[in-house]
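So the chains spell out like this:
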Amino acid sequence: MAREIVLDTETTGFEPSMGHRMVEIACLEIDDFVPTGRSFHTYIDPCRDMPPDAERVHGLSAAFLKGKPRFEHPEVVDAFLDFVGDAPLIAHNAGFDRNFINHELSVIDRAPLHEVRWVDTLALARVRFPGMHNSLDALCKRFKISLSEREKHGALVDAKLLAAVYLELRGGRERRLELTTAAMVTAVAAATRNAYGVRPRPLEPRSTEEERQIHASFIRDVVKSEELWKKHGL
């Protein structure tokens, strides 16, 4: 089974080298393309103002974020790194999220999450749908994934949507059928393993004692031998 982490972030802007910071991060664990239910999510105090354009996108104000843990706090950086472990990281326009996470890590002298670990769903979508609009919203609509949960961009909601998009990009319905078939085979095999054995309560005989005596007499007096049954493996 392949463990992967679907990841999304929200920030104060587009470029960490210009002083922009990360304000939210969400991660969902998937195993062999199936969500496990495990997740990591936190808001982060950027220790700066929130530009109006950024707030309009994700709805996170400086007042809301004030007092939240900073990235360098163990409940953020250590918990995040422990959760992702050495798994591949799935993100849409992965370079954006990677730049912000690695910038935050560099500020506190932590090792970066190297590019080789990242899978960019935007790049996957451009290969599959060349020349088309491949934003997360566009892909959700193309794959008929509901956007009803999403009022604004939020890291946790977007990570859930991205996990569904990633499944479609990796095979979609065919992949789900493959997983369902594999699950059915496993269930049948388990049922077969448990289908035989000593019954805890033996079945009652279907024939009476009198019927068994009549049958024994027939074999002895009419057939005269049990060889007939042996010929047929009985």
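No experiment lies behind these values; they were computed from the predicted model shown.

Enquirer: Any chance you could explain the overall build of the chain here in plain terms?
Expert: Within the chain one finds 10 helices and five strands. Residue pairs at least 24 apart in sequence account for 63% of intrachain contacts in the chain once pairs closer than 6 positions are excluded.

Enquirer: Help me out: how do you make sense of the side chain of D45 in this one?
Expert: In this structure, D45 sits in the loop between β3 (34-43) and α1 (52-58). No salt bridge is formed by the buried D45; the nearest opposite charge belongs to R70, separated by 5.9 Å. Here the side chain of D45 touches C47 through a polar contact of 2.8 Å, landing on its backbone nitrogen. Ignoring any residue separated from it by four or fewer positions in sequence, one finds D45 in contact with L65, K66, G67, K68, P69 and R70.

Enquirer: Honestly, the sheet that holds β3 in this entry has me stumped. Any pointers?
Expert: Hydrogen bonds along the backbone pair up the strands of a sheet, which may run parallel or antiparallel. Here we have five strands laid out as an open sheet, ordered β3-β2-β1-β4-β5, and mixed in their pairing. Each end of this open sheet is capped by a strand with a single partner; those strands are β3 and β5 (118-120). Strand-to-strand, the axes of this sheet are offset by a mean angle of 25°, without reference to chain direction. Pairing geometry for strand β1 (residues 3-11) and strand β2 (residues 22-31), over nine bridges, is antiparallel.

Enquirer: Teacher, can you tell me more about helix α7 (residues 155-169) here?
Expert: For an α-helix the count is 3.6 residues per turn, leaving residues at separations of three or four pointing the same way. The end-to-end C-alpha separation of α7 is 20 Å, in line with the 21 Å expected for 15 residues at 1.5 Å each. Within α7, 11 of the 15 residues are buried, leaving the element largely enclosed by the surrounding structure. The complete set of buried residues in α7 reads A155, D158, A159, L161, L162, A163, V165, Y166, L167, E168 and L169. The first or second residue beyond α7 is G171, which carries a positive phi of 145°.

Enquirer: Mind showing me how you'd approach helix α3 (residues 77-84) here?
Expert: Along α3, the residues classified as buried are V77, F80, F83 and V84. Here the buried residues of α3 occupy an arc of 135° about the axis, which is enough to place them on one side. Just downstream of α3 lies G85, where phi reads positive at about 55°.

Enquirer: Can you walk me through the packing of helix α5 (residues 121-128) against α7 in this structure?
Expert: Two quantities define a packed helix pair, namely the angle between the axes and the distance from one axis to the other. At their nearest, the axes of α5 and α7 sit 11 Å apart, and the two run at 40° to each other. Relative to α7, α5 is oriented oblique. Crossing angle aside, the handedness with which α5 passes α7 is left-handed. On the side of α5, the interface is formed by T121, L124, A125 and R128, while α7 contributes L162, Y166, E168 and L169. The residue makeup of the contact of α5 with α7, split by class, is five nonpolar, one polar and two charged.

Enquirer: I'm lost on the packing of aromatic side chains in this one. Help?
Expert: By the definition in use, this model includes six aromatic pairs. Where Y43 meets F64, the ring centres are 5.1 Å apart and the plane angle is 90°; that geometry is what we call edge-to-face. Of this pair, Y43 sits in strand β3 while F64 sits in helix α2 (residues 62-65), and the two are 21 residues apart along the sequence. Residue class for Y43 comes out partly exposed when judged on its relative accessible area of 25%. For F64, a relative accessible area of 38% puts it in the partly exposed group. Geometrically, the ring pair formed by F96 and F100 is tilted, given 5.0 Å between the ring centres and 50° between the ring planes. Placement of the pair is F96 and F100 together in helix α4 (residues 94-107), with a separation of four residues, close to one helical turn. Under the relative-accessibility criterion, F96 is labelled partly exposed at 23%. Members of the aromatic cluster, each reached through a chain of ring pairs, are F40, F80 and F83. Over the face of the ring belonging to F64 we find K68, whose NZ or CZ atom lies 4.1 Å from the ring centre.

Enquirer: Would you explain the layout of surface pockets in this entry?
Expert: Empty space left among the atoms is revealed by rolling a probe the size of a water molecule over them. The calculated volume of the largest pocket comes to roughly 650 Å³. Looking at the largest pocket, it is lined by 25 residues, and the ones nearest its centre are E10, F14, V57, F96 and H153. At the level of secondary structure, the elements contributing two or more residues to the lining of the largest pocket comprise β1, α1, α4 and α7. Residue classes in the lining of the largest pocket are distributed as eight nonpolar, 11 polar and six charged.

Criteria and cut-off values
Counting restarts for each chain: residues are numbered from 1 in the order of the written sequence. Owing to the predicted nature of the model, reporting of local features is limited to residues with pLDDT of at least 70; listing and counting of side-chain atom pairs is limited to 80 or more, with chain, interface and lining totals taken over all residues. In computing side-chain properties, one takes all heavy atoms of the structure into account and sets aside hydrogens as well as water. Secondary structure elements follow DSSP: runs of H or I of four or more residues count as helices, runs of E of two or more count as strands, with numbering from the N terminus. Contacts are assigned to residue pairs with any non-hydrogen atoms lying within 4.5 Å of each other. Per-residue accessibility, obtained with a 1.4 Å probe over protein chains only, is compared with the maximum for each type, and a residue is labelled buried under 20%, exposed over 50%, and partly exposed between these values. Neither His nor the chain termini are counted; the positive set is Lys and Arg, and the negative set is Asp and Glu. Each reported salt bridge corresponds to a side-chain nitrogen of Lys or Arg within 4 Å of a carboxyl oxygen of Asp or Glu. N or O atoms within 3.5 Å of each other form a polar contact, as long as, within protein, one can give a hydrogen and the other can take it, and as long as residues adjacent in sequence are counted only when both atoms are side-chain atoms. Strands pair, by our definition, only if DSSP identifies at least two bridges between them. Only C-alpha atoms enter the line fits that serve as axes; for helices the fit covers just the stretch in contact. Angles between N-to-C directions range over 0 to 180 degrees. In this scheme, a helix's expected span is set at 1.5 Å multiplied by one less than its residue total. The arc in question is the one spanned by the directions pointing from the helix axis to the C-beta atoms. With respect to orientation, any angle under 35 degrees is reported as roughly parallel, any angle over 145 as roughly antiparallel, any angle of 65 to 115 as roughly perpendicular, and every other angle as oblique. Handedness of a helix crossing follows the sense of rotation of the near helix relative to the far helix, less than a right angle counterclockwise being left-handed and clockwise being right-handed. Throughout this entry, Asp, Glu, Lys and Arg are counted as charged residues, while Ala, Val, Leu, Ile, Met, Phe, Trp, Tyr, Cys and Pro are counted as nonpolar. The remaining residues, Gly among them, count as polar. To pair, rings of Phe, Tyr and Trp, with the six-membered ring standing in for Trp, must have centres within 6.5 Å; the planes then decide the type, stacked if under 30 degrees apart, edge-to-face if over 60, and tilted in the middle. Counting as a charge over the ring demands two things of the Lys NZ or Arg CZ atom: a distance within 6 Å of the ring centre and an angle within 35 degrees of the ring normal. Buried and open spaces are told apart on a 1 Å grid over the protein atoms alone, a cavity being a set of points where a 1.4 Å probe fits but cannot get out and a pocket being an open set with protein on both sides within 12 Å along at least five of seven lines. Residues with an atom within 4 Å of a point are the lining residues. Grid points are joined across faces, edges and corners, and a volume is the space filled by probe spheres set on the points.

So, to be careful, I would describe these as geometric facts and stop short of saying anything about function.
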